[in-house]
Amino acid sequence: MHILIINGPNLDRLGKRQPEVYGSTTLADVEKRITSSAASLGVTVGFVQSNHEGDLIDAVHGAADNGYPVIINPGGFTHTSVALRDALQEVADGAGFVEVHISNVHAREPFRGHSYLSGIARGVIAGLGVTGYELALRYFCEAEG
């Protein structure tokens, strides 16, 4: 099985931007950790990060075309992007996706409590730091097996 991990805007700034909220782990560190976990679980992973909504939508379309499950941290697009939700609906109808947030979005500014994506996701993991990605990875491996 192959799983696509998509990271939205500003996640390329992990380790630099608001370390009091997101920690000191970089996106490269996250990818290395997930790649190692995936190998131990017998699956492969691919990674996409973009600060551009259209690039993320194109990645979602690719996952849908290939039947890949998706782990997505949509960043700020969580609260704003109907277009990303519309693209993810096709994945939701197929292999499925899990929405991941490093911080507990419900304990932050009120607008962060709304997600256009949660209602069609298989699950939502928020506030568990970068471990949330690994939990989502485990979910897909256990759901498949």
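You'll find the structure just up there.
In this convention, every chain numbers its residues from 1, walking through the sequence in written order. In keeping with the model being predicted, local features are shown solely for residues with a pLDDT of at least 70 and side-chain atom pairs are shown and tallied solely at 80 or more, while totals for entire chains, interfaces and linings include all residues. Processing note: side-chain calculations cover all non-hydrogen atoms of the structure and skip hydrogens and water entirely.

Asker: For this particular structure, what's the right way to read the overall build of the chain?
Answerer: The secondary structure listing takes helices from DSSP runs of H or I that are at least 4 residues long and strands from runs of E that are at least 2 residues long, numbered from the N terminus. When helices and strands are tallied, the chain shows five helices and five strands. When the helices and strands of the chain are read in sequence order from the N terminus, they spell out β-α-α-β-α-β-α-β-β-α. Relative to the globule expectation of 15 Å for 145 residues, the C-alpha radius of gyration of the chain, 14 Å, shows essentially globular dimensions. Dimensions along the principal axes, computed over C-alpha positions, put the chain at roughly 35 × 30 × 25 Å. With C-alpha atoms as the basis for the radius of gyration, the globule rule is written as 2.2 Å multiplied by the number of residues raised to the power 0.38.

Asker: So what exactly am I meant to see when it comes to the environment of Ile-125 here?
Answerer: One can find Ile-125 in strand 5 (residues 123-126). Summary of the burial criterion: residues with accessible area below 20% of their type's maximum are buried, those above 50% are exposed, and those between are partly exposed, where the area comes from a 1.4 Å probe applied to protein chains only. Under the relative-accessibility criterion, Ile-125 is labelled buried at 15%. Linking Ile-125 and Asn-51, residues 74 residues apart in sequence, is a C-alpha distance of 21 Å. Excluding residues that lie within four positions of it along the chain, Ile-125 makes contacts with Val-98, Glu-99, Val-100, His-101, Gly-132, Leu-135 and Ala-136. Contacts between residues were defined by any pair of non-hydrogen atoms, one from each residue, lying within 4.5 Å.

Asker: For this particular structure, what's the right way to read the nonpolar core?
Answerer: In summary, soluble globular proteins display a tendency toward joint burial of nonpolar side chains. Definition of nonpolar core: a set of buried residues of the types Ala, Val, Leu, Ile, Met, Phe, Trp, Tyr and Cys, connected through side-chain atoms within 4.5 Å. Residues Ile-3, Ile-71, Tyr-133 and Leu-137 are the most contacted members of the largest nonpolar core, which totals 21 residues. Secondary structure elements with two or more residues in this core: strand 1 (2-7), helix 2 (27-41), strand 4 (97-101) and helix 5 (131-144). Residue contacts for Tyr-133: discarding those within four places in its chain leaves Ile-5, Asn-7, Val-30, Ile-34, Ile-71, Asn-73, Val-100 and Ile-102.

Asker: What am I meant to see in the pattern of salt bridges here?
Answerer: In a structure, side chains of opposite charge can pair up when their charged atoms sit close to one another. Here, a salt bridge means any side-chain nitrogen of Lys or Arg that lies within 4 Å of a carboxyl oxygen of Asp or Glu. The full count for this structure, using the stated rule, is one salt bridge. One salt bridge in this structure joins Arg-33 and Glu-134, with 2.6 Å as the shortest N-O distance. With Arg-33 in helix 2 and Glu-134 in helix 5, this residue pair connects regions lying 101 residues apart in the sequence. On the basis of relative accessibility, which here comes to 35%, the residue Arg-33 falls in the partly exposed class.

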